[in-house]
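One letter stands for each residue in the lines below.
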Amino acid sequence: MADSTFFGDPFRRFFWSPLVLSGSPSAPAAMDWLETPSSHIFKIDVPGSGREDVKVQLEEGNVLSIRSEGSSATAAKEEQQLKEVVWHVAERGRGSCSRQIALPDNVRADQIKAHVENGVLTVVVPKEPIPPKPKPRTIAVSSKL
């Protein structure tokens, strides 16, 4: 008999969900996903982006959607407007990046927090507390319910 735990949570998402860890075809955002006893923590690279450049949304189906428009694109437009500027090489990222993540069922969607610093977006998704397991007990049996 095959061991079904390999395809259990969280691995089932990697094989069966097209939304997990997906990004735009041209510029996927690199990401780390950590899980602590109390939350899921996502660290997503958004180089050159500030708070106003990043958009984090919870979409239908418990999908976390992240989009970033790099501020370096704005800087490049400003520099191109200067007549004395000559570009020799332009290799740094200027475009946008995005990511969609199917969240587990046990999250507190109303308490999601996001913070961007030094080109890294950190999204903390608190988990629902695990209810305590019922203690073994004897159940009285009667003749009527």
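Residues numbered from 1 in each chain as written. Predicted model: local features only at pLDDT ≥ 70, side-chain atom pairs only at ≥ 80, totals over all residues. Heavy atoms only, no water.

- If you look the chain up in an unreviewed UniProt entry, it shows as SHSP domain-containing protein from Musa balbisiana.
- Within the UniProt record for the chain, the comment given under Sequence similarities (unreviewed entry) is "Belongs to the small heat shock protein (HSP20) family." (UniProt positions renumbered as here; feature names shortened; annotations may be inferred.)

## With respect to the side chain of lysine 127
Right, so step 1: As for its placement among the helices and strands, lysine 127 is situated in the segment after β8 (120-126).
Right, so step 2: For lysine 127, a relative accessible area of 14% corresponds to the buried category.
Right, so step 3: Setting aside residues no more than four positions away along its own chain, lysine 127 makes contact with Glu35, Thr36, Pro37, Ser38, Ser39, His40, Asn106, Val107 and Arg108. (Helix = DSSP H or I, 4+ residues; strand = E, 2+ residues; numbered from the N terminus. Buried < 20%, exposed > 50% of the residue type's maximum accessible area, 1.4 Å probe, protein only. Contact = heavy atoms within 4.5 Å.)

## Re the nonpolar core
Right, so step 1: In this structure, Phe42, Ile44, Leu121 and Val123 are the most contacted members of the largest nonpolar core, which totals 16 residues.
Right, so step 2: Breaking this core down by element, the ones donating at least two residues are β3 (39-45), β5 (63-69), β6 (96-102) and β8.
Right, so step 3: Top contributing element to this core by residue count: β8, with three residues.
Right, so step 4: If we ignore the near neighbours within four places in the chain, the residues touching valine 123 are His40, Ile41, Phe42, Ile44, Leu64, Ile66, Ile112, Lys113 and Ala114. (Core = buried A, V, L, I, M, F, W, Y, C linked by side-chain atoms within 4.5 Å.)

## So, the sheet that holds β8
Right, so step 1: Strand order in the open sheet formed by four strands is β2-β3-β8-β7, with antiparallel pairing between adjacent strands. If you trace the sheet from one side to the other, it starts and ends with β2 (31-35) and β7 (113-117), each paired once. For this sheet, the mean angle separating the axes of adjacent strands, direction not counted, is 15°.
Right, so step 2: As paired strands, β7 and β8 are joined by five bridges and run antiparallel to one another. Bridging across to β8, histidine 115 finds its partner in threonine 122. (Pairing = 2+ DSSP bridges. Axes fitted to C-alpha atoms, helices over the stretch in contact; angles between N-to-C directions.)

## Overview of unusual backbone geometry
Right, so step 1: With a phi angle near 60°, asparagine 62 is a residue other than glycine that sits in the positive phi range.
Right, so step 2: With respect to the helices and strands, asparagine 62 occurs in the loop between β4 (54-59) and β5.
Right, so step 3: Accessibility expressed as a relative area gives 22% for asparagine 62, which makes it partly exposed.
Right, so step 4: Non-glycine residue asparagine 118 carries a positive phi angle of around 55°.
Right, so step 5: For asparagine 118, the position within the fold is in the loop between β7 and β8.

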